[in-house]
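Descriptive structure summary
Below, each chain spelled out in residue letters.
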Amino acid sequence: METRSNPTPAFDMVLFGGAGDLVMRKLLPSLYQAHNAGLLNEQGRILALGRKDLSRDDYLASVEKQSRIHIKSHFDDAAWKSFCDRIDYLRVDASQAADFPALAEKIGDDAGKVVVCYLATAPNLFAGICENLAAVGLNRGNVRVVLEKPLGTDLDSSNEINDDVARFFVEEQLYRIDHYLGKESVQNLMAIRFANALFEPLWRREWIHDVQITISEELGVGSRGDFYDGTGALRDMVQNHLLQLLCIVAMEPPANLEADAVRDEKLKVLKALRPFTEQEVATKTVRGQYKAGASGGQPAVGYLEEAGIPEHSQTETFVAIKAEIDNWRWAGVPFFLRTGKRMQERLAEIVINFRDVPHQVFSGPLGGCHHANRMVIRLQPDESIRLYFLAKEPGDTMRLQPAYLDLDFYKAFKVRRADAYERLLLDVIRGKLALFMRRDELIEAWRWVEPIMDTWAASSNNPPKQYTAGSWGPAASSALLSRDGISWHEEC
């Protein structure tokens, strides 16, 4: 098990939206795992806030019912009980300034204690919450604010939210969270790239043919129809998760692992992304919308039949994009980004396809679909890194077949795998900003995405392409890659 020798400093974790789905499903289970591993300071407290007038016992009964079920491993009754001893509840309406003095009194004035305010609320409440925190003195240097996505629906609205928050908190206090950056395999991608001489000479246009980044979901929009129809896959997934993963793949080695050193290099990648013209949006992007089909062996309705979806909605549930980076390392290497709902399986992976050898002396059965060498970084449902290569098939002929080296983190290191939210919450408490988005990163991401959004919005006579629920998306997605003579990883 993980060492217990590096606990956090004393802290108060203040959870706005304390009765909400994110807190119950992700944040409390992640904090429990950190507690069970001995990584939380004994003086660490968790204070859940909500509008309902609940007693502490009422809230803990809700936690027992709604949060405990999401702890899938390393559960211990005694540890759970001691974890719940950390939790308290306070009725605070985030929009009412009059409720915040009681919060300040509850937290106290211990200057050495870290205070983390996690805003697990709608973004339209962020500005008001930050103003109310500042009004009661809860914006001092050791107060940190975690902002959940989505931060706006376009560049202007994102800037408005960030301007409002910046009136009360400096940039070093703001933690814009993207949980994909907390995944073990993403962390290991940085380690493999920047700690090993083996890969760095190959990590460039001369040796990499293309990069594919996929985040697919089996589920549809479910009960989030009203929210999702005003957002869509481009805003919900591409602008943040997929672009952040692209940055980790494409960034230059930072001088060190300090927050700004890492984020400076990510920013350079975002600035180097080739902007889209209106014509290129038509040829280098695909937007889709799922129709009725089957998922997990069960019938699945189409997007337009989901609850809360307008009859003629053109909101995309699928996006595929051919992105290009205009710098010396990556010029000419296509980066294919893909995300969608109601796909064939739940999957998140990064595929690095290396170039083939200049002259093939072996005759093989693989055809043009397979690259001889590829690296597959799997983020979900399991986390692993596989390096594929061609090897001789046993026997008296020189037949080649693909084989792979598999890095299984648990087997290699014999430690518990920390959840992404757990790692990021610990980083917030410890004041580590490297895995959180800086504001200038967010601006550049919106600038790159906006021409796609605007072109799609103006194309009312060109609706999203239909794809069957339970498939890998519309046929146009495969055609997008076939023009470069390649296929998506699962099609090979």
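Residues numbered from 1 in each chain as written. Predicted model: local features only at pLDDT ≥ 70, side-chain atom pairs only at ≥ 80, totals over all residues. Heavy atoms only, no water.

The test is simple: UniProt positions are given in the numbering used here, feature names are shortened, and annotations may be inferred rather than shown by experiment.
Identification of the chain as Glucose-6-phosphate 1-dehydrogenase from Chromobacterium phragmitis is taken from an unreviewed UniProt entry. According to its UniProt record, the chain has this under Pathway (unreviewed entry): "Carbohydrate degradation; pentose phosphate pathway; D-ribulose 5-phosphate from D-glucose 6-phosphate (oxidative stage): step 1/3."

Comments concerning the pattern of salt bridges
The condition is simple: For this analysis, a salt bridge means a side-chain nitrogen from Lys or Arg found within 4 Å of a carboxyl oxygen belonging to Asp or Glu. Secondary structure counts use DSSP, requiring at least four H or I residues in a row for a helix and at least two E residues in a row for a strand, with both numbered from the N terminus. Residue exposure (1.4 Å probe, protein chains only): buried if accessible area is under 20% of the type maximum, exposed if over 50%, otherwise partly exposed.
Scanning the entire structure with this criterion turns up 33 salt bridges. One salt bridge in this structure joins E252 and R329, with 2.6 Å as the shortest N-O distance. A residue pair is termed long-range when its members are at least 10 positions apart, and E252 in the loop between α9 (232-250) and α10 (259-272) and R329 in the loop between β11 (318-324) and β12 (334-340) qualify at 77 residues. E252 gets classed as partly exposed once you look at its relative accessible area, which sits at 30%. The buried category is assigned to R329, whose relative accessible area is 7%. Residue R274 is joined to D326 by a salt bridge in which the shortest nitrogen-to-oxygen separation is 2.9 Å. Here the residue R274 occupies a position in the loop between α10 and α11 (278-284), and D326 occupies one in the loop between β11 and β12, the gap between them amounting to 52 residues.

With respect to the nonpolar core
For clarity, the threshold we go by: Remark: nonpolar core denotes a set of buried residues (Ala, Val, Leu, Ile, Met, Phe, Trp, Tyr, Cys) joined through side-chain atoms within 4.5 Å. For this analysis, residues touch if any pair of their heavy atoms sits within 4.5 Å.
F16 and L103 are the most contacted members of the largest nonpolar core, which totals 148 residues. Of the residues forming this core, the biggest block, twelve residues, is contributed by α9. In contact with F16, not counting residues within four places along its chain, are V23, L49, A94, F100, L103, C117, Y118, L119, A120, T121, I129 and L133.

Concerning the sheet that holds strand β16 (residues 400-407)
Under the convention used in this document: Strands are labelled as partners when DSSP assigns at least two bridges between them. Between the N-to-C directions of two axes lies an angle of 0 to 180 degrees, each axis being a line fitted to C-alpha atoms and, for a helix, fitted only over the stretch in contact.
If you walk across this open sheet you meet the nine strands as β16-β15-β14-β13-β7-β12-β11-β8-β17, and the pairing is mixed. Both outer strands of the open sheet, β16 and β17 (465-468), are each paired with one neighbouring strand and no more. Taken pair by pair, the neighbouring strands of this sheet meet at an average axis angle of 20 degrees, ignoring direction. Pairing of β11 with β12 involves seven bridges; the strand directions are antiparallel. By the bridge assignment, K322 is partnered in β12 with F336. Here helix α7 (residues 184-195) sits on the sheet and contacts β13 (347-354), β14 (374-380), β15 (384-392) and β16; the angle it forms with β14, its principal contact strand, is near 150 degrees. Running over the sheet, α9 touches β7 (208-216), β11, β12, β13 and β14 and is turned about 145 degrees from β12.

Considerations on the UniProt feature "binding site: NADP(+)" (unreviewed entry) in the chain
Applicable threshold: By the criterion applied in these results, polar contacts are pairs of N or O atoms within 3.5 Å in which, for protein atoms, one can donate a hydrogen and the other can accept it, and in which residues neighboring in sequence qualify only through two side-chain atoms.
Feature annotation in UniProt assigns "binding site: NADP(+)" (unreviewed entry) to the following positions: R51 and K149. Relative to the helices and strands, R51 is located in the loop between β2 (45-50) and α2 (56-66). Once residues lying within four places of it in the same chain are set aside, the contact partners of R51 are Y89, R91, V92 and D93. Note on K149: relative accessible area 26%, which makes it partly exposed. With residues near it in sequence (within four places) discarded, K149 still touches D236, N240 and H241. There is a polar contact of 2.9 Å between the side chain of K149 and the side chain of D236.

Quick word on the side chain of T455
Tracing the backbone through its elements, the reader meets T455 in helix α14 (residues 439-457). A relative accessible area of 16% means that T455 is categorised as buried. Within the structure, T455 has its side chain in polar contact with the backbone oxygen of P451 (distance 2.8 Å). In this view, T455 contacts E278 and V281; residues no more than four positions away in its chain are not counted.

Observations regarding the sheet that holds strand β3 (residues 87-91)
Pairing within the open sheet is parallel, and its six strands lie in the order β3-β2-β1-β4-β5-β6. The open sheet has two edge strands, β3 and β6 (174-176), and neither has a second partner. Ignoring which end each strand starts from, the neighbouring axes of this sheet average 20 degrees apart. Where strand β1 (residues 11-16) lies against β2, four bridges are found, and the strand directions are parallel. What sits directly across from M13, in β2, is I46. Packing against the sheet, α2 makes contact with β2 and β3, and its axis sits at approximately 120 degrees to β3. Each of β1, β4 (114-119) and β5 (143-147) is contacted by helix α5 (residues 126-135), which is oriented at about 155 degrees to β4, the strand it contacts most.

Some words on α9
In plain terms, the rule: One less than the number of residues in a helix, times 1.5 Å, gives the span that helix is expected to have. By definition, a residue's bend is the angle between the axes fitted to the seven residues ending there and the seven starting there.
The terminal C-alpha atoms of α9 lie 26 Å apart, and with 19 residues this matches the ideal 27 Å at 1.5 Å per residue to within 8%. Residue V238 marks the point of greatest curvature in α9, where the axis turns by about 50 degrees. Of all 19 residues in α9, 18 are buried, a share of seventy percent or more.

Considering the packing of aromatic side chains
Worth spelling out the cut-off: Ring pairs are drawn from Phe, Tyr and Trp, using the six-membered ring of Trp, whenever the two centres fall within 6.5 Å, and their geometry is named by plane angle: stacked under 30 degrees, edge-to-face over 60, tilted for the rest.
By the definition in use, this model includes 16 aromatic pairs. Pairing W330 with F335 gives two aromatic rings, centres 5.3 Å apart and planes at 80 degrees, and the pair type is edge-to-face. The residues W330 and F335 share a single accessibility class, namely buried. Aromatic pair Y388 and Y404: ring centres 5.3 Å apart, planes at 50 degrees, arrangement tilted. Taken together, the residues span a long stretch of sequence, with Y388 in strand β15 and Y404 in strand β16 at a distance of 16 residues.

Overview of the packing of helix α1 (residues 21-36) against α2
Our working definition: Working definition: roughly parallel below 35 degrees, roughly antiparallel above 145 degrees, roughly perpendicular at 65 to 115 degrees, and oblique for all remaining angles. Residues are sorted three ways: Asp, Glu, Lys and Arg are charged, Ala, Val, Leu, Ile, Met, Phe, Trp, Tyr, Cys and Pro are nonpolar, and all the rest, Gly among them, are polar.
At their nearest, the axes of α1 and α2 sit 10 Å apart, and the two run at 85 degrees to each other. In terms of orientation, α1 lies roughly perpendicular with respect to α2. Contacts between α1 and α2 pair V23, M24 and L28 from the former with Y59, S62, V63 and Q66 from the latter. For the contact of α1 with α2, the class distribution of residues is five nonpolar, two polar and no charged.

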